[in-house]
Each structure stands twice: as C-alpha cells, then as structure tokens.
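# Examination of the molecular architecture
Chain by chain, the residues:
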Amino acid sequence: DAKTTQPPSMDCAEGRAANLPCNHSTISGNEYVYWYRQIHSQGPQYIIHGLKNNETNEMASLIITEDRKSSTLILPHATLRDTAVYYCIVSSRGSTLGRLYFGRGTQLTVWP
Amino acid sequence: DAGITQSPRYKITETGRQVTLMCHQTWSHSYMFWYRQDLGHGLRLIYYSAAADITDKGEVPDGYVVSRSKTENFPLTLESATRSQTSVYFCASSGQGRTDTQYFGPGTRLTVL
C-alpha cells in the first residue's frame, strides 16, 4: 500500500472550515483515498473515501488533486466534537484483502 | 442492536493466562479484522479474515490466535498473555465490494499484569 504524509497537528476555530492535507505521491491507479478519524478512546470512524473525483457527504468533503498525489479533507463548519486524530489512508482491494495501514494521522484541535 | 460490538470493554488479567476477546457484527460483512493500538505505534493489524473459516496473519500476529466459524463472530485469543500485549484492541468489519470501508467496534482495553 502507498504511504501517506500528514502534518502531526493542526488547529481550527469553531465554526470555521478545517482543511486537512494529505500527500500520497506513490498512489497507484486502483487505490482509493480513505479518511477516518478517532476521537479519544473510541474506535476509528469512517468519514469519506474517493478514487479521483471530489466527494461530499454529510460529514465532510474530499478534494483529490488531478494527479491524485495529494488530497484535502474539508470539515466545512468545525465543532468542538470534531477534535480527533484524522487518518488519511490509501488502499486497494485484491491480495491485501482490504487491509488498511494507519499512520500517525493529524491531531485536529478545534478551539472555541 | 445493529452494528459491531466488542466484549469485554475492559479486562485485567495476569501473565500466562488465556484471554479471549469477542467481536460480533450484525451486517453479515465478509471481512473482519483485529487491530491493536499502542502509544507510538498507531493501529497495527493482528489478524484478518475474508470469510468464515478463512483467516490470515497481519503485521503483528505472534501470541494471538483467531477463529471464524460463523460470519458474524471473530474472536481473538491470547493463549498465554504477556505484559507486552497490554493494549487497546479494535475489531473491524467490511463488506464485499471494490472499496475497503471498515467499520470499527468500540474497543477492548486489556491490561496484563
């Protein structure tokens, strides 16, 4: 699986958009970009995923660059409850059987 | 309730004891996974299963045993617990399909004294 690079920490004011970057320069054509988050002491929570098109759901938006070497997760109106570690993962089906490799992630702190 | 559950949520045991952590999902997902999470290491895959009776090792399988006799259950056994196995254990599941969206349980915090 391709590796990802994320900043170790970021902060954001409540109500503002949080933009979390991720570099995945070695991503291959069949690999998806996934974002998960983990609120302290809880299990990781799926947020969103995409292949090459931008995606949006009720939680967030995912912007993937045209060359697919980087992406940005956008939380449009961050709240205190969005304080968590955010993981960017690239993965594909096949011989890996859907294994996800979690790196260190980005600690997002939303302040009032 | 639908979803993925783990039991027990907290467990304290002694070195050398056998411990089994349970994982149950109600989605009929084919794939199930066990991870451990330790400070400084993030989440590491222990074992995974593609279907009932099909299991395979992950990154850190030593000291652990799994079984999958039913699709919905994926127990993890520590045959002889060691202090280094003190950790938080997460179970996850995902369905068949091209994407790998995994849904995680709440975790089991295990302490080995």
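For clarity, every value in this text was computed on a predicted model and none was experimentally measured.

## Thoughts on the overall build of chain B
- Looking only at helices and strands, chain B has zero helices and 11 strands in total.
- Order of helices (α) and strands (β) in chain B, N terminus to C terminus: β-β-β-β-β-β-β-β-β-β-β.
- The C-alpha radius of gyration computed for chain B amounts to 13 Å, which stays within 12% of the reference 13 Å derived for 113 residues, consistent with globular compactness.
- Contacts in chain B between residues far apart in sequence, at least 24 positions, make up 54% of those at least 6 positions apart.
- As displayed, chain B has an accessible area near 5500 Å², and 47% of this comes from carbon and sulfur atoms.
- A distance of 5 Å separates the average location of the 11 positive side-chain charges in chain B from that of its 10 negative side-chain charges.

## Overview of the sheet that holds strand S9 (residues 106–111) of chain A
All names here are of chain A.
- The strand order across the open sheet formed by five strands is S1-S9-S8-S3-S4, and the pairing between neighbours is mixed. In this open sheet, the two strands that pair with only one neighbour each are strand S1 (9–13) and strand S4 (45–50). Taken over all neighbouring pairs, the strand axes of this sheet differ in orientation by 25° on average, direction set aside.
- Two elements, strand S3 (residues 32–38) and strand S8 (residues 84–91), share seven bridges in a ladder whose sense is antiparallel. Its bridge partner being in S8, Tyr34 is matched across the sheet by Ile89.

## Focus: the nonpolar core
- Core analysis: the biggest nonpolar cluster contains 21 residues, and Trp35, Leu73, Tyr86 and Leu108 of chain A have the highest contact counts within it.
- When residues of this core are traced back to their parent elements, those giving at least two are strand S2 (18–23), S3, S4, strand S6 (61–64), strand S7 (70–75), S8 and S9 of chain A.
- Top element by residues in this core is S8 of chain A. It accounts for four residues.
- Residues Tyr34 of chain A together with Tyr31, Leu43 and Val88 of chain B belong to the second largest nonpolar core, which totals 20 residues.

## Some thoughts on the sheet that holds strand S8 (residues 76–78) of chain B
All names here are of chain B.
- Across the sheet, four strands lie side by side as S1-S3-S8-S7; this open sheet has antiparallel pairing. Across the chains shown, the open sheet's two edge strands, defined by having one partner strand only, are strand S1 (4–7) and strand S7 (64–66). Pairwise comparison of adjacent strand axes, ignoring direction, gives a mean angle of 20° for this sheet.
- Pairing between S1 and strand S3 (residues 19–25): four bridges, direction antiparallel. From the neighbouring strand, Ser7 faces S3, where its bridge partner is Met22.

## A few points about the pattern of salt bridges
- In total, this model carries four salt bridges over all chains according to the counting rule given.
- For Asp82 of chain A, the salt bridge goes to Arg37 of chain A, with nearest N and O atoms at 2.7 Å. Note that Asp82 of chain A is positioned in the loop between S7 and S8 and Arg37 of chain A in strand S3, a separation of 45 residues in sequence.
- With a shortest N-O distance of 3.0 Å, Asp38 of chain B and Arg44 of chain B are connected by a salt bridge.
- Note on Asp38 of chain B: relative accessible area 15%, which makes it buried.
- Among the charged side chains, a salt-bridge network with shared partners connects Arg36, Asp38 and Arg44 of chain B.

## Some remarks on the state of the cysteines
Residues and elements named next belong to chain A.
- Throughout the structure, instances matching the rule amount to two disulfides over all chains.
- A disulfide bridge connects Cys22 with Cys88, and the sulfur atoms are separated by 2.1 Å. Around the S-S axis, the bridge from Cys22 to Cys88 shows a dihedral of about -80° and counts as left-handed. One end of the pair, Cys22, is in strand S2; the other, Cys88, is in strand S8, with 66 residues separating them in the sequence.

## Here's the deal with the side chain of Thr108 of chain B
Residues and elements named next belong to chain B.
- Residue position: Thr108 is located in strand S11 (residues 108–112).
- Among the residues examined, Thr108 registers a relative accessible area of 0% and is labelled buried.
- Excluding residues within four positions of it along the chain, Thr108 makes contact with Gln6, Ser7, Pro8, Arg9, Leu21, Ser87, Val88 and Tyr89.

## Description of the packing of aromatic side chains
- The tally for this structure, following the rule as stated, stands at 10 aromatic pairs over all chains.
- Relative to Tyr34 of chain A, the ring of Tyr32 of chain A lies with its centre 6.3 Å away and its plane at 45°, an arrangement referred to as tilted. The same class applies to Tyr32 of chain A and to Tyr34 of chain A, which are both buried.
- By way of ring pairs, the aromatic residues Tyr32, Tyr34, Tyr36 and Tyr46 of chain A together with Trp27, Phe33, Tyr35, Tyr48, Tyr103 and Phe104 of chain B are connected into one cluster.

Thresholds applied
Each chain carries its own residue numbering, running from 1 in the written order of its sequence. Both sets of labels track the order of writing: A upward for chains, 1 upward for ligands. Owing to the predicted nature of the model, reporting of local features is limited to residues with pLDDT of at least 70; listing and counting of side-chain atom pairs is limited to 80 or more, with chain, interface and lining totals taken over all residues. By convention in this description, side-chain values take in all heavy atoms of the structure and omit both hydrogens and water. Only DSSP runs of H or I reaching four residues or more are called helices, and only runs of E reaching two or more are called strands; each is numbered from the N terminus. For the radius of gyration, the atoms used are the C-alpha atoms, and the globule rule reads 2.2 Å times the number of residues raised to 0.38. The contact criterion used throughout is that any non-hydrogen atoms of two residues lie within 4.5 Å. Using a 1.4 Å probe, the Shrake-Rupley method yields the accessible areas, and only the shown protein chains count as cover for residues. We treat Lys and Arg as the positive residues and Asp and Glu as the negative residues; His and chain ends play no part in the count. Lysine's charge is taken at NZ, arginine's at CZ, aspartate's at CG and glutamate's at CD. Pairing between strands is defined by DSSP: at least two bridges between them are needed. To get an axis, a line is fitted to the C-alpha atoms, and for a helix only the part in contact is used. The angle between two axes follows their N-to-C directions and goes from 0 to 180 degrees. Definition of nonpolar core: a set of buried residues of the types Ala, Val, Leu, Ile, Met, Phe, Trp, Tyr and Cys, connected through side-chain atoms within 4.5 Å. Buried means the residue's accessible area, taken with a 1.4 Å probe over protein chains only, is under 20% of the maximum for its type, while exposed means over 50%, and partly exposed covers the values in between. Throughout this description, the term salt bridge denotes a Lys or Arg side-chain nitrogen within 4 Å of a carboxyl oxygen of Asp or Glu. In what follows, a disulfide is any cysteine sulfur pair within 2.5 Å. Note on aromatic contacts: the rings of Phe and Tyr and the six-membered ring of Trp form a pair at centre separations within 6.5 Å, being stacked when their planes are under 30 degrees apart, edge-to-face when over 60 apart, and tilted otherwise.

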